[in-house]
Amino acid sequence: MKKIIACLMAVLGLGSACGQQNYENADAKGFAMLIDEPDVVLLDVRTADEFKEAHLEGAVHIDQGQTDFIEKAKATLPADKTIAVYCRSGRRSASAAGRLAAEGYKCVNLKGGIMAWKEAQKPVTTDTYEVDVFKTKSGKSVKFHALVHASIRIDYDGREIMIDPVTKLGQRTIDYTTMPKADYIFVTHEHGDHFDKAALSLLTAEATRLIMNPRCAEMYGSGQAMVNGDKLQLADDITVEAVPAYNTTEGRQQFHPKGRDNGYILTLDGLRIYIAGDTEDIPEMASIKDIDIAFLPCNQPYTMTTDQLVKAAKTVKPKVLFPYHFGQTDVTSVPARLEGIDVRIRHYE
């Protein structure tokens with residue numbers, strides 16, 4: 001058995017720990033093979049400026065030089081996944097890997113860092129948005145780009161899908177001129193952090209399918225309206241269902257009244273994605289089944305409290321959960337409360 005493990009590690013370019021070292025090392029070839037596995041999270045521990053300059057696609061960024069590095073890591077990184085860590089040359093990531101391993105994480109460090117990665121002619125990206133990559137049942141790629149708040153860009157097998165695109169939220173702006181035109185755009189409701197005519201205009205081409213709730217279709221003057229319960233077959237491998245999204249707490253119903261707004265369930269080649277929109281933990285969630293990836297809002301008093309979010313997640317039972325639309329609400333306690341669900345906190349403030 002030891003010989004088999006040693007051979008496997010050699011194939012992946014992994015070096016076993018020596019002395020008190022509590023993590024493994026991998027060369028660029030082995031690291032590339034490793035991060036293609038579904039149970040691996042890629043972590044960039046360099047500075048924000050270094051990350052913006054170029055990074056590996058799909059990397060989560062947490063600066064290991066910050067005093068709250070471990071706290072941020074615990075709130076962001078699932079404890080049951082392998083953490084593939086890299087920096088510029090491999091030194092800072094080795095330190096970070098050791099610190100994370102001491103907290104119980106299984107870590108693999110990229111020997112030589114991103115410098116060795118580039119020397120091996122492996123790809124990097126300058127996209128500053130966090131990207132999470134998934135595979136469908138037939139191996140098609142689905143990439144989620146965390147733009148801002150409730151705005152999500154989905155790159156599915158060469159097709160562009162936009163959810164609630166907005167050009168500006170507070171001090172944060174999104175430059176859609178740098179992105180491809182959308183094949184499909186979904187708008188959940190009329191509030192300004194979800195419905196932005198300027199963003200829609202920038203992203204719309206002649207063949208773009210624009211899908212909204214009836215109120216937004218009326219306000220925009222075009223687009224296909226869906227009401228709760230409607231289903232559409234958009235392509236051979238893409239379907240969408242409009243589901244309820246509303247407030248239930250006394251004194252909040254005016255924010256999102258029942259029957260007006262949409263959540264959406266997108267199915268991409270069998271991969272089921274629940275985008276809840278602005279909602280509380282409504283009874284209809286009990287009928288939402290077999291969800292692979294869920295986006296659930298947490299921004300009291302407009303959507304859910306953290307307690308409601310946890311309850312909703314336990315009801316829907318997604319494999320992966322992205323809390324989103326959370327503004328200033330602290331969602332760092334959520335992962336520890338949802339055992340068995342891969343909770344990923346991205347910059348959806």
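Residues numbered from 1 in each chain as written. Predicted model: local features only at pLDDT ≥ 70, side-chain atom pairs only at ≥ 80, totals over all residues. Heavy atoms only, no water.

Participant: Can you lay out the sheet that holds strand 8 (residues 141–148) for me, pointing to particular residues and giving the numbers?
Facilitator: The strand order 7-8-9-10-13-14-15 describes an open sheet built from seven strands, whose pairing is mixed. Of all strands in the sheet, those with a lone pairing partner are strand 7 (130–135) and strand 15 (224–225), marking the two edges. Pairing of strand 8 with strand 9 (residues 151–156), which is carried by six bridges, proceeds in the antiparallel orientation. Bridged to valine 142 within strand 9 is tyrosine 156. (Pairing = 2+ DSSP bridges. Helix = DSSP H or I, 4+ residues; strand = E, 2+ residues; numbered from the N terminus.)

Participant: Describe in detail the confidence of the model for the protein chain, supporting the description with residues and values.
Facilitator: Should pLDDT be low for a region, the predicted coordinates there are not to be read in detail. Put simply, the protein chain has an average pLDDT of 92, and 94% of its residues get 70 or more. In this model, residues 1–11 is a region of pLDDT below 50 whose contacts with residues beyond four sequence positions or in other chains number five contacts. (pLDDT = per-residue confidence, 0-100. Contact = heavy atoms within 4.5 Å.)

Participant: Hey, could you go over the packing of aromatic side chains for me, with residue numbers and the actual values?
Facilitator: Counting across every chain of the model gives 11 aromatic pairs. Ring geometry for phenylalanine 31 and tryptophan 117: centres 6.1 Å apart, planes at 85°, overall edge-to-face. Taken together, the residues span a long stretch of sequence, with phenylalanine 31 in helix 2 (residues 28–35) and tryptophan 117 in helix 6 (residues 113–119) at a distance of 86 residues. Here tryptophan 117 falls in the buried class, since its relative accessible area comes to 3%. Here phenylalanine 186 and tyrosine 264 contribute two aromatic rings whose centre-to-centre distance is 5.4 Å and whose plane-to-plane angle is 55°, an arrangement assigned as tilted. Note that phenylalanine 186 is positioned in strand 13 (residues 184–186) and tyrosine 264 in strand 18 (residues 261–268), a separation of 78 residues in sequence. By relative accessible area, phenylalanine 186 is classed as buried at 1%. On the accessibility criterion, tyrosine 264 (1% relative accessible area) is buried. An aromatic cluster is defined as three or more aromatic residues linked by ring pairs; in this entry it consists of Phe134, Phe144, Phe295, Phe322, Tyr324 and Tyr348. (Phe/Tyr/Trp six-rings, centres within 6.5 Å; stacked < 30°, edge-to-face > 60°. Buried < 20%, exposed > 50% of the residue type's maximum accessible area, 1.4 Å probe, protein only.)

Participant: Any details on the pattern of salt bridges? Residues and values, ideally.
Facilitator: Scanning the entire structure with this criterion turns up 24 salt bridges. Through salt bridges with shared partners, one network takes in Asp39, Lys81, Asp132, Asp342, Arg344 and Arg346. (Salt bridge = Lys/Arg side-chain N within 4 Å of Asp/Glu carboxyl O.)

Participant: Account for the sheet that holds strand 16 (residues 231–235), with residues named and values stated.
Facilitator: Ordered in space as 16-17-18-19-20-21-22, the seven strands form an open sheet in which the pairing is mixed. Because the sheet does not close on itself, it has two edges, and the strands there are strand 16 and strand 22 (342–343). By the bridge criterion, five bridges tie strand 18 to strand 19 (residues 271–275) in an arrangement that is antiparallel. Bridge pairing links tyrosine 264 to isoleucine 275 in strand 19. Those strands touched by helix 9 (residues 306–316) are strand 19, strand 20 (293–297) and strand 21 (320–324), and its axis lies near 155° from that of strand 20. (Axes fitted to C-alpha atoms, helices over the stretch in contact; angles between N-to-C directions.)

Participant: Mind laying out the packing of helix 4 (residues 69–76) against helix 5 (residues 91–102), listing which residues take part and the relevant values?
Facilitator: Packing of helix 4 against helix 5 brings their axes to within 11 Å, and their N-to-C directions diverge by 65°. The hand of the helix 4/helix 5 crossing is right-handed. Mapping the contact onto sequence places Phe69, Ile70 and Ala73 in helix 4 and Ala96, Arg99 and Leu100 in helix 5. Here the contact of helix 4 with helix 5 is composed, by residue class, of five nonpolar, no polar and one charged. (Left-handed = near helix turned anticlockwise from the far one by under 90°. Nonpolar A, V, L, I, M, F, W, Y, C, P; charged D, E, K, R; others polar.)

Participant: So, unusual backbone geometry: which residues are in play, and what are the values?
Facilitator: A cis amide bond links glutamine 300 to the next residue, proline 301, at an omega of 5°. Position of proline 301 among the secondary structure elements: in the loop between strand 20 and helix 9. In the Ramachandran plot, aspartate 164 falls in the positive-phi region, its phi being about 45° despite a non-glycine side chain. On the secondary structure map, aspartate 164 appears in the loop between strand 10 (159–163) and strand 11 (168–169). If you check the backbone angles, aspartate 269 has positive phi at about 50° while not being a glycine. With respect to the helices, strands and loops of the structure, aspartate 269 is situated in the loop between strand 18 and strand 19.

Participant: Account for the nonpolar core, naming residues and giving values.
Facilitator: As a rule of thumb, nonpolar side chains are buried together in soluble globular proteins. With 58 residues, the main nonpolar core has Phe186, Tyr274, Phe295 and Leu296 as its most contacted residues. Ranked by residue count, the leading element in this core is helix 9, at five residues. Those residues within four positions of phenylalanine 186 in sequence are excluded, and the remaining contacts are Ile161, Met162, Ile163, Asp164, Pro165, Ile211, Leu234, Val240, Tyr264 and Leu266. (Core = buried A, V, L, I, M, F, W, Y, C linked by side-chain atoms within 4.5 Å.)

Participant: I'd like to hear about the pairing of strand 16, residue by residue, with values.
Facilitator: For strand 16 and strand 17 (residues 238–245), the ladder comprises four bridges, and the chain directions are antiparallel. Looking at the pairing, lysine 231 lines up with glutamate 241 of strand 17.

Participant: So what's going on with the state of the cysteines? Which residues, and what values?
Facilitator: What the rule picks out here adds up to zero disulfides. Just so you know, cysteine 87 is unpaired, no disulfide at all, and the nearest cysteine sulfur is the one on cysteine 107, 13 Å from it. Given a relative accessible area of 0%, cysteine 87 falls into the buried group. (Disulfide = S-S within 2.5 Å.)

Participant: Report on helix 2, specifying residues and quantitative values.
Facilitator: Residues of helix 2 that are buried: Ala28, Gly30, Phe31 and Leu34. Here the buried residues of helix 2 occupy an arc of 160° about the axis, which is enough to place them on one side. (Arc of directions from axis to C-beta.)

Participant: Pulling in residues and values, what's your account of the environment of glycine 158?
Facilitator: Its place among the elements puts glycine 158 in the loop between strand 9 and strand 10. In the structure, glycine 158 is positioned 136 residues away from alanine 294 in sequence and 22 Å away in space, judged by C-alpha atoms.

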